[in-house]
Amino acid sequence: MRNKINEFIFRVDVTKEVGIGHLKRMINFGNQLNVEKKNITWFIKGSKEIAKSIFNKNNFKNIFYLKNDGKKKIVKFMQSKKINFIFFDLCHKKNMQKKFIQNYINYFKKNGFITVSFEHPNIKTSSNISINPYMFKNKIVRKRGKVKLSGHKYFIFSKKISNYLKKRKKIR
């Protein structure tokens, strides 16, 4: 039924309390995917004003703003566009309460989507692929159809910083 593997949904929160770090990480990630920006659709909950100020500098166009968690709206959109993958960066203090993140991600998995999430060390999600850059030891764990990537090598930097770090390694 769903068959597009080069189109993605990014779901992130942006508020004064949450900050812009989650959004910036997802933008950097999107820039590194080597897909056209038109193939990434954003669903943002929180401050439209803050998000727009960041998006205006990065040329992403497909942006929807949510008043609530928006999961039904996102599923309907993904089904209509035949999109398989959804990426989450939702691990902030408010969402880490009452298993919100786990339940939210499970909703998408139950609807047949492939889920990828950036995690906090204190929260374990049920995503198909979990990325936790805050661990010291780099490792990949494959277990029961899930993949967990952990360690500093999974930090997502902007292309400017990544290029600088590559040049610095060559100099040494």
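The structure we're discussing is the one just above.
This text gives an overview of the structure that appears in the document. (Residues numbered from 1 in each chain as written. Predicted model: local features only at pLDDT ≥ 70, side-chain atom pairs only at ≥ 80, totals over all residues. Heavy atoms only, no water.)

### Brief notes about the overall build of the chain
Argument step 1. Scanning the chain from N- to C-terminus turns up five helices and eight strands.
Argument step 2. Its helices and strands in sequence order give the chain the pattern β-α-β-α-β-α-β-α-β-β-β-β-α, from N to C terminus.
Argument step 3. Burial statistics for the chain: of 172 residues in total, 44% are counted as buried.
Argument step 4. At a minimum sequence separation of 6, the contacts of the chain that also span at least 24 residues come to 52%.
Argument step 5. When the accessible area of the chain is evaluated, it comes to approximately 10,700 Å², of which 53% is carbon and sulfur surface. (Helix = DSSP H or I, 4+ residues; strand = E, 2+ residues; numbered from the N terminus. Buried < 20%, exposed > 50% of the residue type's maximum accessible area, 1.4 Å probe, protein only. Contact = heavy atoms within 4.5 Å. Areas by Shrake-Rupley, 256 points an atom, 1.4 Å probe, with all protein chains shown as cover.)

### What about the side chain of asparagine 128?
Argument step 1. Locating asparagine 128 in the fold gives a position in the loop between strand S5 (114-118) and strand S6 (129-132).
Argument step 2. In terms of polar contacts, asparagine 128 uses its side chain to reach the backbone amide nitrogen of threonine 115, at 2.7 Å.
Argument step 3. Not counting the four nearest positions on each side in its chain, asparagine 128 is found in contact with Lys109, Phe113, Ile114, Thr115, Gly145, Lys146 and Val147. (Polar contact = N/O pair within 3.5 Å; in protein donor to acceptor, adjacent residues only side chain to side chain.)

### Brief notes about the pattern of salt bridges
Argument step 1. Counting across every chain of the model gives three salt bridges.
Argument step 2. Of the charged contacts, one joins aspartate 13 and arginine 11 as a salt bridge, the two residues approaching to 2.5 Å between their closest N and O atoms.
Argument step 3. A residue is classified by how much of its surface remains accessible, and aspartate 13, at 5% relative accessible area, is buried.
Argument step 4. Here arginine 11 falls in the buried class, since its relative accessible area comes to 1%.
Argument step 5. Between arginine 25 and aspartate 89 there is a salt bridge whose closest N-O contact spans 2.6 Å. (Salt bridge = Lys/Arg side-chain N within 4 Å of Asp/Glu carboxyl O.)

### Some points on helix H4 (residues 100-110)
Argument step 1. Looking only at H4, the buried set comprises Ile101, Gln102, Tyr104, Ile105 and Phe108. For H4, the arc enclosing every buried residue in end-on projection is 165°, short of the 170-degree limit, so these residues lie on one face.
Argument step 2. Glycine 112, located one to two residues past H4, shows a positive phi value of around 85°. (Arc of directions from axis to C-beta.)

### Describing the pairing of strand S3 (residues 63-66)
Argument step 1. The pairing of strand S2 (residues 40-46) with S3 spans four bridges and is classified as parallel. In the sheet register, lysine 45 faces S3, and the bridge partner there is leucine 66.
Argument step 2. Between the parallel pair S2 and S3, the chain is carried across by helix H2 (residues 48-55), and the sense of this crossover is right-handed. (Pairing = 2+ DSSP bridges. Right-handed = clockwise from strand over helix to strand, strands pointing away.)

### Some words on the packing of helix H1 (residues 21-32) against H2
Argument step 1. For the pair H1 and H2, the least separation of the axes is 11 Å and the interaxial angle reads 35°. Two packed elements cross with a definite hand, and for H1 against H2 that hand is right-handed. Counted together, Leu23, Lys24 and Ile27 of H1 and Ala51, Ile54 and Phe55 of H2 form the full contact between these two elements.
Argument step 2. Looking at the contact of H1 with H2 residue by residue, the class counts come to five nonpolar, no polar and one charged. (Axes fitted to C-alpha atoms, helices over the stretch in contact; angles between N-to-C directions. Left-handed = near helix turned anticlockwise from the far one by under 90°. Nonpolar A, V, L, I, M, F, W, Y, C, P; charged D, E, K, R; others polar.)

### What about the packing of helix H3 (residues 71-81) against H4?
Argument step 1. Running from amino to carboxyl end, H3 crosses H4 at an angle of 25°, the nearest separation of the two axes being 11 Å. Relative to H4, H3 is oriented roughly parallel. The crossing of H3 and H4 is right-handed. Residues Lys71, Lys72, Ile74, Val75 and Met78 of H3 form the contact with H4, whose own contacting residues are Tyr104, Tyr107 and Phe108.
Argument step 2. Here the contact of H3 with H4 is composed, by residue class, of six nonpolar, no polar and two charged. (Parallel < 35°, antiparallel > 145°, perpendicular 65-115°, else oblique.)

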